[in-house]
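Reading the structure
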Amino acid sequence: MKLFVAAAVAAGLLSSAPAFASADLAKAKNCMACHAVDKKLVGPAYKDVAAKYAGQADAVAKLATKVQKGGVGAWGQIPMPPNPQVNEADAKTLVEWILAQK
């Protein structure tokens, strides 16, 4: 029984590691200067983004492109600037993490 509990705890910690890694990536790429998980700053809250794009098959690709190239109009007229410091793999990782916010 103790082994099962230890394995369950370890699995829980391991499965949460990517979430922390992605939050750290968002900080490192300066995303958190304009966004927060649960409240609007300059840009929308990540929870709002996740809700808006829930169930859309092309959401990761569409939003990863927006992270890199910027955009305007989806959330009002304040533009999101391009982020050339974010490569394609990091953009996808960030978007997958954002879409997982509930």
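Since the structure is predicted, the reported quantities are computational estimates derived from the model, not experimental observations.

1. A word on the packing of aromatic side chains
How two aromatic rings sit relative to each other is given by the distance of their centres and the angle of their planes. Counting across every chain of the model gives one aromatic pair. Note on Tyr46 and Trp97: the rings are 5.5 Å apart at their centroids and 75 degrees apart in plane angle, and the pair reads as edge-to-face. Remark: Trp97 occurs in helix H4 (residues 88-99) and Tyr46 occurs in helix H2 (residues 46-53); sequence separation between them is 51 residues. Over the ring of Trp75 we find Lys52, and its NZ or CZ is 4.4 Å from the ring centre.

2. Overview of the pattern of salt bridges
Here the structure, examined in full by the defined rule, presents three salt bridges. Between Glu88 and Lys92 there is a salt bridge whose closest N-O contact spans 3.4 Å. Taken together, the residues span about one helical turn, with Glu88 and Lys92 both in helix H4 at a distance of four residues. Classification of Lys92 by relative accessible area gives partly exposed; the value is 36%.

3. Section: the confidence of the model for the protein chain
Note that predicted coordinates carrying low pLDDT should not be read in detail. Counting all residues, the mean pLDDT for the protein chain is 86, and 80% of those residues have values of 70 or more. The spread of mean pLDDT over the elements of the protein chain runs between helix H1 (residues 2-28), the lowest at 58, and H2, the highest at 98. A low-confidence stretch, residues 1-17 stays under pLDDT 50, and its non-local contacts, those more than four residues away or across chains, total zero contacts.

4. Quick notes on the nonpolar core
Tyr53, Leu63, Leu94, Val95, Trp97 and Leu99 are the most contacted members of the largest nonpolar core, which has 18 residues in total. Secondary structure elements with two or more residues in this core: H1, H2, helix H3 (59-69) and H4. Those residues in contact with Leu94 that lie beyond four places of it in its chain are Ser22, Leu25, Ala26, Lys29, Cys31 and Val86.

Basis of the calculations
Residues numbered from 1 in each chain as written. Predicted model: local features only at pLDDT ≥ 70, side-chain atom pairs only at ≥ 80, totals over all residues. Heavy atoms only, no water. Phe/Tyr/Trp six-rings, centres within 6.5 Å; stacked < 30°, edge-to-face > 60°. Helix = DSSP H or I, 4+ residues; strand = E, 2+ residues; numbered from the N terminus. Lys NZ or Arg CZ within 6 Å of the ring centre and 35° of its normal. Salt bridge = Lys/Arg side-chain N within 4 Å of Asp/Glu carboxyl O. Buried < 20%, exposed > 50% of the residue type's maximum accessible area, 1.4 Å probe, protein only. pLDDT = per-residue confidence, 0-100. Contact = heavy atoms within 4.5 Å. Core = buried A, V, L, I, M, F, W, Y, C linked by side-chain atoms within 4.5 Å.

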